[in-house]
Amino acid sequence: MTHKPRRARALLMLLALYTGVALAAPTAASVSQACDAAGFQQVLHAIPAQAQRVDARAHWLDRRLIRWPGVVTGDGQRMQLYHSAGGTIVARHGARVAGADGALALEAYDGEIPAALAERFRFLESGTTLAVRDEDAARLPSLHTGQLLLVHEDADGRVREATALQVAGALDDLYAAAEGIDDFGATVGFDGTRFRLWAPTARAVSVCLHRDDRAPADAVHPLRRDAATGVWSRSLPRDLSGRYYTYVIDVFVRDMGVVRNRVTDPYSTGLGADSRRSVAVDLDAPALKPDGWDAAAAPAIAAQTDMTIYELHVRDFSRDDASVSEANRGKYLAFTESGSDGMRHLRTLAGAGLTDVHLLPVFDLASVPETGCVSPAIPDAAPDSPAQQAAVMAVAARDCFNWGYDPFHFNAPEGSFASDAADGAARILEFRRMVMALHAAGLRVGMDVVYNHTSASGQHPQSVLDRIVPGYYHRYDAAGRVERSTCCDNTATEHRMMAKLMIDSAVLWARHYRIDSFRFDLMGHQPRAAMERLQAAVDAAAGRRIHLIGEGWNFGEVADGARFVQASQQSLAGSGIGTFSDRTRDAVRGGGPADRGRALLTEQGWINGLVYDRNPHAPERPLEELKRSADLVRVGLAGTLRDYTMSAHDGTRKTLAEIDYKGQPAGYAVQPDEVVNYVENHDNQTLFDINVFKLPPDTSREDRARVQMLGAAVTAFSQGIAYFHAGLETLRSKSLDRNSYDSGDWFNRLDWTLRDNHFGSGLPPAQDNREDWPLMQPLLSHPDIEPGPEQIRLARDMFLDLLRIRASTPLFRLRSADEITRRLTFPNGGPAQNPRVIAGRLDGAGLADAGFAEVLYFINVDPAAQTLELSGLRGRDWTLHPVHRAPDAADPRPAAQAHYDRASGRFTLPGRTALAYVIERAP
């Protein structure tokens, strides 16, 4: 065992002299014991039992300025900043402060707050602003390693109020230089291995080394602190590739005291089983590269609007695919089995025009046991029985499935998808093999990333960041509690080092794993400025454009720019970063994603019967509602561009920004690459399932498939980025589950043999669906809803034809708002429209690679044939798109039943059909 006790004690003695308090130096033996202790934490010095827990209502604005919102001092009163190395301060109302090592007298600050600070902390209420005196400023870095309590005292020194402080402003100012460091984590080089960790408030940091992911530590090395950056580092003169390690950190934790934490590396690029230990790896090492990795190239696209995306979960892809070897089912390596049903399906989609596969989270996640996960025994029960979900949920915390929106380590691949989670190299090599296989199939690889929250915070075993720098990485409310508006513990990417972690992580995936694009979960909770820095960084790292899209929803504590300019739908205008549009999604599906109860049945959408095909529960509605819904569909078809104009159903000509969507502008994008069009993704009910609620129950199986493809056609014909959920083309059902994130394999199945869509797999899990079970039971047990193989194949083949039509001409993928304004019109619009049919005309004049002189597409949602007389288009040489004329066209109805009368400009369109006409370009 390697010990450096003298050096460690010397470091602590210096720290003690610097702080002016006596600190016990950690002995090598005690640190070594912590490396292998059963627990992850040890309280070295607990706060006194008589100490009151206090909120953190005050904020450090920078290294010297403090704001205490809502507090004003009176005559003779004062503000004191008490400090204690051991957390021994007792501040009871009406008594004098006890147990402190000392106090700094603070001065009222009435100067002008620097503009950058005023902007950053604009969300704070007014109150007292205080400043640390010049003569005390040098003491602050050391005082941040212990307890700090801001106390409002009366003239006699008795406590009126006391609060802890939120520290991000101070740490960002004091240690701004850390942002420039580009090698955090374990870096293996020709001259050895260097460990580097940002822990500015830590008192001591050591690294424990292990032979594997179970062996006890065989070496412990104290790290050295750099005062300018708050970074602890240590270089060892050996190549430690493949060695496992953890950090032991002594740090003050509010409401606990001085704690010794054993924690993994937040910059871990390799991990052992269940993320208990980090692994030192050199991602450029030949042993971690599949054969041909360095020479392999990813498919290229010319513009972001060329993206046609397929959202897929790694486990869903192959878990139930019998054509995949048993060992690889649900794993990265399933993608390398090119002869499997799943890979043949993906290649077929790619051949028709699919460009990208976006993988649900594949970074290290907290919710799935990487070893020893269990599979439930599902009973053979009725299609509307609660028994199946009961079996699934009985083991949900221990099963092998979760969507994975619960980050544990941002920079390492998830181990449950690897062949051996305990082998730190396996998940890296196999992830890269998956990427190579998808690239070889003609598909770019996108990655769903979740930087807006972590799975845990505070002193939790799965909390990494907060146990290294307590109180820094997360966003807090006015009382100092972690905000959880995103579902989990919100991170604060407005803080310097959290933004850096996010950017560094994305760069790593782009550079070392050849990720072609990223989808950001709840991106609206992050600053636009941070996302734009990330865009520049990943582009530079990859040497090519890395495409960014994300959820730009505007809600929570950051809503409407409360804390910063968000990366949200309207705030990202002009950035070139795409956001998902809910405008057309809701118009197509009907209602909204949060609907429950009877609204699931009554709120029909444009494709599933609103006005024209009412189900028994839907009230009679005026035709104006269908026209309004059709206008919102046109918004999506026009790329959701805020300045595009069209004739609205009320007879006025409006920009899309002037069309209302639930009190918001329907159009918000400046350019078409800023919008992602979709009608189904992993969230909420699948399109098939929402149509089960909304279509009349006697709708035929074939018509259900056709309605599904009407939704797909809206996405395929829309300007912007096209986004499809895996299984949309196979009528995927989750047995009406509204939120299948933890519903196990059973409710998330895919069948690449096209025999079963898994509708009627039992009542969906009670936790998110129980209140709607009475509505679901008669639907799940209905004998005529579940499709057969014939309808599933029909839907798949119609989907392929839609992809081919979109891919056949860049007129569906125009790159600028100017081009869309010039080339796209809606002939059947305005107050006299037939809202059952949307027609879009695309002009290819002057566009060299358009392929056609013009394209005219129709989407008829009515069960019956519809006729449109478009006199402005008469006398033209309109002919069906070549895809419809092909002998193997999936749907024979366009060729057999669609008709164009040249003399009148009359188009007859089969019921529930999407189709396109073209004018061929002269040779």
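Residues numbered from 1 in each chain as written. Predicted model: local features only at pLDDT ≥ 70, side-chain atom pairs only at ≥ 80, totals over all residues. Heavy atoms only, no water.

(A) Here's a closer look at helix H8 (residues 387-394). Looking at H8, one finds that the buried residues are Gln388, Gln389, Ala391 and Val392. Seen end-on, H8 carries its buried residues on one side only, within an arc spanning 160 degrees. Where the residues of H8 are buried, they touch helix H17 (766-769) and helix H18 (773-780). (Buried < 20%, exposed > 50% of the residue type's maximum accessible area, 1.4 Å probe, protein only. Helix = DSSP H or I, 4+ residues; strand = E, 2+ residues; numbered from the N terminus. Arc of directions from axis to C-beta. Contact = heavy atoms within 4.5 Å.)

(B) Broad picture of the packing of aromatic side chains. Going through the model one piece at a time under the given rule, you end up with 32 aromatic pairs. Geometrically, the ring pair formed by Trp198 and Tyr473 is edge-to-face, given 6.2 Å between the ring centres and 85 degrees between the ring planes. Linking Trp198 in strand E11 (residues 192-198) with Tyr473 in the loop between strand E25 (453-454) and strand E26 (489-490), this pair joins segments that are 275 residues apart in sequence. This pair shows no difference in class: Trp198 is buried, exactly as Tyr473 is. Judged by centre distance (5.9 Å) and plane angle (70 degrees), the rings of Phe688 and Phe759 are edge-to-face. (Phe/Tyr/Trp six-rings, centres within 6.5 Å; stacked < 30°, edge-to-face > 60°.)

(C) Spotlight on the side chain of Arg738. Along the chain, Arg738 turns up in the loop between strand E35 (721-725) and H17. Within the buried core, Arg738 has no salt-bridge partner, and the shortest N-O distance to an opposite charge, that of Asp772, equals 4.1 Å. When residues no more than four places from it in sequence are discounted, the contact partners of Arg738 are Pro593, Ala594, Asp595, Arg596, Asn684, Gln685, Asp768, Asn769 and Asp772. (Lys, Arg positive; Asp, Glu negative; His and termini not counted. Salt bridge = Lys/Arg side-chain N within 4 Å of Asp/Glu carboxyl O.)

(D) Expanded view of helix H12 (residues 582-589). Counted residue by residue, H12 has 8 buried out of 8 residues, so it is predominantly covered. Those residues of H12 not exposed but buried are Asp582, Arg583, Thr584, Arg585, Asp586, Ala587, Val588 and Arg589. Those residues of H12 that are buried lie in contact with strand E29 (578-580), helix H14 (623-637), strand E32 (660-661), strand E33 (664-665), helix H15 (687-694) and helix H16 (701-717). Among the residues trailing H12, Gly590 stands out with phi positive, at a value near 95 degrees.

(E) Just the packing of helix H7 (residues 341-352) against helix H19 (residues 789-808), in detail. Interaxial distance between H7 and H19 falls to 8 Å at its minimum, and their mutual angle equals 35 degrees. Only Arg796, Phe799, Leu800, Leu803, Arg804 and Ala807 of H19 make contact with H7, whose side of the interface consists of His345, Thr348, Leu349 and Ala352. A class-by-class count of the residues in the contact of H7 with H19 yields 6 nonpolar, 2 polar and 2 charged. (Axes fitted to C-alpha atoms, helices over the stretch in contact; angles between N-to-C directions. Nonpolar A, V, L, I, M, F, W, Y, C, P; charged D, E, K, R; others polar.)

(F) Layout of the sheet that holds strand E7 (residues 147-153). The 8 strands lie next to each other as E8-E7-E4-E5-E6-E3-E2-E9, forming an open sheet whose pairing is mixed. Since the sheet does not close on itself, it has two edges, and those belong to strand E8 (159-163) and strand E9 (165-166), each with one partner. Bridging between strand E5 (residues 102-108) and strand E6 (residues 127-132) involves 3 bridges; their strand directions are antiparallel. When the bridges of E6 are listed, Glu107 appears paired with Ala131. (Pairing = 2+ DSSP bridges.)

(G) Structural view of unusual backbone geometry. Of note, the phi angle at Leu736 is positive, near 75 degrees, even though the residue is not glycine. For Leu736, the location among the structural elements is in the loop between E35 and H17. What makes Leu736 buried here is its relative accessible area of 0%. The backbone phi angle of His758 is positive, close to 70 degrees, even though this residue is not glycine. Structurally, His758 is set in the loop between E35 and H17.

(H) The pattern of salt bridges, seen in detail. Considering all chains together, one arrives at 66 salt bridges under this definition. With its nearest N and O atoms 3.3 Å apart, the salt bridge here joins Arg276 to Asp213. A residue pair is termed long-range when its members are at least 10 positions apart, and Arg276 in the loop between strand E18 (270-271) and strand E19 (278-279) and Asp213 in the loop between strand E12 (202-210) and strand E13 (217-222) qualify at 63 residues. Residue Asp294 pairs with Lys289 through a salt bridge whose shortest N-O separation is 3.0 Å.

(I) Region of the structure containing the state of the cysteines. Under the criterion given, the structure shown has 3 disulfides. Across the disulfide from Cys487 sits Cys488; the S-S distance is 2.3 Å. Judged by the sign of its S-S torsion, about -80 degrees, the cystine formed by Cys487 and Cys488 is left-handed. The class of Cys487 is partly exposed, set by a relative accessible area of 46%. Take Cys488: its relative accessible area is 14%, and that puts it in the buried class. (Disulfide = S-S within 2.5 Å.)

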